[in-house]
Structures are given as structure tokens and as C-alpha cells.
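Spelled out, the chains give:
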Amino acid sequence: MSHSPELLLPAGSIEKMRAAYDFGADAVYAGQPRYSLRARNNEFSTLETLKEGIDEAHRRGRKFYVASNIYAHNAKLKTYLDDMAPVADMKPDALIMADPGLIMMVRDKWPDIPVHLSVQANAINWADVKFWERIGLTRVILSRELSLDEIAEIRQRCPDMELEVFVHGALCVAYSGRCLLSGYFNHRDSNQGTCTNSCRWRYKIANATEDATGDIVPLDMAQIMASEQTLPSALGDMPRHPAADRVYLIEEGKRAGQLLPILEDEHGTYIMNSKDLRAIEHIGRLVEIGVDSLKIEGRTKSIYYVVRTAQAYRKAIDDAVAGRPFDISLLGALQGLANRGYTDGFYKRHHTREYQNYMTGASELHNSHYVGDIVSTKDGWATVLVKNRFSVGDILEVFHPQGNTVVPLEKMTSEEGETISVAPGSGHRVRIPLDARYNGAFIARRLNREGDTANGNSTL
């Protein structure tokens, strides 16, 4: 049996923290007020809530890490140690940090608090890891830009340092946190916790050309038609795709009239929006390598996201540790989460066509859509706080720490007991026939009914 790595989940709130633990997380991480990279949607923005989270984690026998991973300007250095003092008194299991100066200050004042190097520090080689080990850090969160083979070499050369890697969540358009787009557009600095994810905005393309002075200017349709007749060929007699020499302007959906130049070639337009990371199929190799912690990104995501990722990655880890083969249905389970398309990032640089086809097919095993939370049960009926519309006749998947169940929804009532056929949407409450075993569960609607079995347990 292999050593089981820690499963580390994001905690944007006490409720999400509890769900993470209930569905399989060994540890969670949350942001310190003012000094982490998620200033928005952070329930742990008060010291009282942060202490409540740390204390409850320790009562459960779990770990709670506090992210304090900004790169600080001089102004924040003046207040940092004073603001950190009450956090240090709470005894978090580690601080996640990036700024060498802040690390030095913490190590000098609180040498007993473990410090984990944030992914923001972009540790990409074994010498980086040895440097931070010599400084006294206890864990390095490796850069997302590493392959499995590179991680394996770091593990071999640095056997005494804890290593952590990301296995699921958003990918940054730059080395983690190094993007300037948010600061450029909105004066909100990604390294100060206020990134607006400009790389993920929807953009439109406008045709453009370069004028005699070198400026990029809009190109009307008449000019486009004329230019396509006179495009130069850089490849001799081989015809060149008309789009290859064309210059474009892009327009973001909420900034009408603000046109930015961009190039396009025969493969398409390269904006900035990366796919989301999903590396669950590599858990077996990461366990074999001996990685100490597998991390899921998403402190601003929904509680349903926390539940689904915790449950899926918990099973993948347990299967890998026990020597069982990878369960490909886990790919489909994660497909039901909101995503921008999935990639396994840099873990495997070159995939064969057969591998890509396999991954695509496996991801379509079953899709689901989050529709509600069970807030109470009585006399064989469950009250559901509706998050998204669902109807009688739908196939529902009920997620609970004790196991999942797939059931057909045959009847439904309002809170007052009136028979209804549709739960109209967010904020409403309805009642469905489920008993007390499912109190506190989460409900999704199956979008693909192939293989559904009424009242049968799901694959998780």
C-alpha cells in the first residue's frame, strides 16, 4: 500500500470548509484578511471567523492553512506583523507565503509556525526547493508549469521536503499571479488579491490593419475584400491562408469601443482564456512519485464545487493508494461542474490522438447540473433550497458523505404541501420524497440518462 497524500480543499466560508471535511478533505486553506490573493468573496475576512474555522478544524482532527501570500508593497510592511499577531495566536497548521521579505519577518518573530511556499513564488526546479528548505520552510507548493517527470526528479533530489501540487481548478494565463491584465484594465492588482480575471472575459474581434505610421486601425469590409486579392506569399508558390497576414482588434464585452490589437493565424485567434485544470487521471502517478499534498483551487467557487471535487479526488486517492485501477467515471463526475473545458495542464506535454479521444469519451459518461441543497427532512419528505430549476420526471443525483444515490423524481410539493411539477429556480423551497438519511445532502439533475438506475448508488 502506498503512502496516502493529503487532499487539500479551498475554504471560502465556514460552510464550504465543513463540506470539504465531510466529503473527504484532510485539510483546507483560507485567506488571511488583507494579505491573501482572494480579497473578494472571503468569509474569513474577519479574525473571528478565521478563529472559528481553525478551532473547528482542530476539533475534527483536520488541518487548516492560512494563505498570506501577497507580494507586499512598503505600505503593507508597516502593519504586517501587528496584523499577523492575532493570526499566529490562533495556531494555524501553516502559513502559505510567497514574499521572501514577509517570510523572513515571520520566521524571525514566530519560528515555530510552519511556512509553506506559495505557488506564487514559482518554484520550478529542485534547487529552488533546496533553497527554501535551507531557509526553514516545511513545504513547497510547486509551480503549475511542471511535468510529472520534473516533479519526480524534484522528489528524488529533495526527499526531506514536503511537496504540494495543484490537481484541479483555474489556470492562470501567466506564471501564477504574474499577469498584469487586471491591473491594466481595472487598476486591481492580481498580486494584491484583487484580480478580476481579465483573461477570462468574452472578447469580440474587429478587423484591422497597420497604417503608414505603424498604428493599428479598424479595417472596413471593402478594404478586407481588396486586401485578400493582394496578400503576399511568404512560401513561394504555396498558397498562404488569408487569415495568416491579417491583423485584428478585439473588444471585450463590457468595454464597447475600446479596441485592442491581436493577431490571428490559420489555427484561430489566441486570446488569453485557458482551460481549467483537471488532473484526476494522474493521481496514481502522483501517489507513486510521493507527492505529499494534492491541492484543489477555488476559494470563490460554490459549495457544490467543493463537494464534487472533494468526493471525486478522495476516491481517486483512495483507489491509487490501495492499488486499484483508475475509475474513468470520475472524469464524467467532474464534467458536471461549471468549467471552460478541461486540460491536464503541463503534466503530460504530448498526448496521442488515442489518449485525447479516450479522455473526451470518458468525460461524457454523465453530466449533471447542481439544483439544490436539502436543508431539512421530516416524515419522509426533504425540504430543498432550490439553486437551479428542476422538474418532476428528472433523474436526480443526491450527494451525501455517506454515499450518493440516483433517484427519479416522481412527485414534488411546495412548502405548504401543494402538488407542483417544477421547482422554478434559485431562492424557492420545495419538498421532495427523501427520508432523514439525506439531511444535509446536495442535489444535481442528470443531463445524460444513459445508465441511470433508479434508487441505485452512483459510481462515487
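Quick caveat, the model's predicted, so the values are computed rather than measured.

**Things to note about helix α4 (residues 100-109)**
Along α4, the residues classified as buried are Leu102, Ile103, Met105 and Val106. Projected down its long axis, α4 shows its buried positions confined to an angular sector of 160°, all on one face. On its buried side, α4 packs onto α3 (74-89), β4 (94-97), β5 (115-117) and α5 (126-135). The opening residue of α4 is Asp99, an N-cap whose side-chain oxygen sits 2.8 Å from the backbone nitrogen of Gly101.

**Looking at the pairing of strand β3 (residues 63-67)**
Regular strands have side chains that alternate between both faces of the sheet. The buried fraction of β3 amounts to four of the five residues, a majority that puts the element mostly inside the structure. Direction of pairing for strand β2 (residues 27-31) relative to β3: parallel, over a ladder of five bridges. The partner of Ala27 across the bridge, within β3, is Lys63. Relative to β4, β3 is paired through three bridges, and the arrangement is parallel. Pairing of Ala67 across the sheet is with Ile96, part of β4. Handedness of the crossover joining β3 and β4 through α3 is recorded here as right-handed.

**Topic: the packing of helix α1 (residues 14-22) against helix α10 (residues 303-322)**
Packed helices, taken two at a time, are described by the angle their axes make and the gap between the axes. One can describe the packing of α1 onto α10 by two numbers: an axis separation of 9 Å at closest approach and a directional angle of 15°. Of the possible angle classes, the one that applies to α1 and α10 is roughly parallel. Note that α1 runs across α10; the crossing there is right-handed. Here Glu15, Lys16, Ala19 and Ala20 of α1 come into contact with α10, specifically with Ile303, Val306, Val307 and Ala310. Broken down by class, the residue content of the contact of α1 with α10 amounts to six nonpolar, no polar and two charged.

Calculation criteria
- Residues numbered from 1 in each chain as written.
- Predicted model: local features only at pLDDT ≥ 70, side-chain atom pairs only at ≥ 80, totals over all residues.
- Heavy atoms only, no water.
- Buried < 20%, exposed > 50% of the residue type's maximum accessible area, 1.4 Å probe, protein only.
- Helix = DSSP H or I, 4+ residues; strand = E, 2+ residues; numbered from the N terminus.
- Arc of directions from axis to C-beta.
- Contact = heavy atoms within 4.5 Å.
- Polar contact = N/O pair within 3.5 Å; in protein donor to acceptor, adjacent residues only side chain to side chain.
- Pairing = 2+ DSSP bridges.
- Right-handed = clockwise from strand over helix to strand, strands pointing away.
- Axes fitted to C-alpha atoms, helices over the stretch in contact; angles between N-to-C directions.
- Parallel < 35°, antiparallel > 145°, perpendicular 65-115°, else oblique.
- Left-handed = near helix turned anticlockwise from the far one by under 90°.
- Nonpolar A, V, L, I, M, F, W, Y, C, P; charged D, E, K, R; others polar.

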